[in-house]
Every structure is written in structure tokens, then in C-alpha cells.
Amino acid sequence: MSAAFYGAVGLGFLLAPAVFGAWVSLDLSDPVARTDVRAVYGGLCTAFALFLVWCGQHPSRTEPGILAGALGVGCLATGRTLGLVLDGVNVENLFFVSLELLFVVGGAVAWRAHRS
């Protein structure tokens, strides 16, 4: 589940940074900005997705993959929550933090099920 999330975000920012950037009000009219967003949002998210897929391919890597996925999304939710507190509440970020928290809960449930 986390691999699909990161993969979709990563590929979206790699292939269509202006479209995905518009969802979070990023101005990507400058080629330097577009390239940086492709590298950071696209490259890192895609790499993390591939890591999570790799973790899911062997039982000994399943638990670290579950924890890494939940930690990654949890850190996104933490940063977004900090932004909501410091910068003000808006519908877009409330939607994204809600989605991120659902992934954290899903990760916790998957981790607990794996441990049982």
C-alpha cells in the first residue's frame, strides 16, 4: 500500500511536475524549480517505493518495510501538521494529512498482523 502511494507520487512528480505541483500550490514555471521538484519529490519517492517493493519480496524484509512505510508517511503527516499549526488550516492540507494518517494506521495494523 505504501509502495503504491510513494510510487504514484514519485512517478507523477517525475513525469508531470507542474500538474502534481499545482495540487500543493507550487509554482514550477522556472526550469530550475521543475528539475529540483523532479529530483526531490519524484526521485526520492520513487526510490522509496522501490525499496518498499523490495522489502515485500522476502519474508525477512516484510517487517522493516512495513515500519519504513509507516515511518515515512508518519513523518509526512508530522510535517504537514506542523504546517497547519504554523501556517494556518486549509482544506487541501487537511485532506492530505487525513490520507497520510490513514496510511499510518494501515501500517500499524499491518505490523501488528505480521507480528501475530
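Up top is the structure these notes are about.
Residues numbered from 1 in each chain as written. Predicted model: local features only at pLDDT ≥ 70, side-chain atom pairs only at ≥ 80, totals over all residues. Heavy atoms only, no water.

Draft legend 1. Here's a closer look at the packing of helix α4 (residues 59-87) against helix α5 (residues 91-115). Relative orientation of the contacting elements α4 and α5 amounts to 155°, with a least axis distance of 8 Å. For the element pair α4 / α5, the angle class is roughly antiparallel. Once α4 is placed against α5, the crossing between them reads as left-handed. Looking at the contact of α4 with α5 residue by residue, the classes come out as 16 nonpolar, 6 polar and 4 charged. (Axes fitted to C-alpha atoms, helices over the stretch in contact; angles between N-to-C directions. Helix = DSSP H or I, 4+ residues; strand = E, 2+ residues; numbered from the N terminus. Parallel < 35°, antiparallel > 145°, perpendicular 65-115°, else oblique. Left-handed = near helix turned anticlockwise from the far one by under 90°. Nonpolar A, V, L, I, M, F, W, Y, C, P; charged D, E, K, R; others polar.)

Draft legend 2. Broad picture of the packing of helix α1 (residues 2-15) against α4. With their axes 9 Å apart at the nearest point, α1 and α4 run at an angle of 50° to one another. Here α4 runs oblique to α1, going by the angle between their axes. For the crossing formed where α1 meets α4, the hand is left-handed. Contacts from Ser 2, Phe 5 and Tyr 6 of α1 reach α4 at Gly 69, Gly 72, Val 73 and Leu 76. Across the contact of α1 with α4, the residue classes break down as 4 nonpolar, 3 polar and no charged. (Contact = heavy atoms within 4.5 Å.)

Draft legend 3. Just α1, in detail. End to end, α1 covers 20 Å across 14 residues, agreeing with the expected 20 Å (1.5 Å per residue, within 8%). For α1, the set of buried residues is Ser 2, Ala 3, Phe 5, Tyr 6, Gly 7, Gly 10, Gly 12 and Phe 13. (Expected span 1.5 Å × (residues − 1). Buried < 20%, exposed > 50% of the residue type's maximum accessible area, 1.4 Å probe, protein only.)

Draft legend 4. The arrangement of the nonpolar core in detail. Formed by Ala 3, Phe 5, Tyr 6, Cys 45, Ala 49, Leu 52, Ala 68, Val 73 and Phe 103, the largest nonpolar core amounts to 9 residues. Broken down by secondary-structure element, the contributors of at least two residues to this core are α1, α3 (31-55) and α4. Apart from residues no more than four positions distant in its own chain, Phe 103 is found in contact with Met 1, Ser 2, Phe 5 and Val 73. (Core = buried A, V, L, I, M, F, W, Y, C linked by side-chain atoms within 4.5 Å.)

Draft legend 5. Looking closely at α3. Under the 1.5 Å per step criterion, the end-to-end length of α3 is 35 Å for 25 residues, consistent within 8% with the ideal 36 Å. Taken residue by residue, α3 has Val 37, Gly 42, Cys 45, Thr 46, Ala 49, Leu 52 and Cys 55 as its buried positions. Residues of α3 that are buried sit in contact with α1, α2 (17-23) and α4. Its side-chain oxygen placed 2.9 Å from the backbone nitrogen of Val 32, Asp 30 serves as the N-cap of α3. (Polar contact = N/O pair within 3.5 Å; in protein donor to acceptor, adjacent residues only side chain to side chain.)

Taken by themselves, the reported measurements are silent on function.
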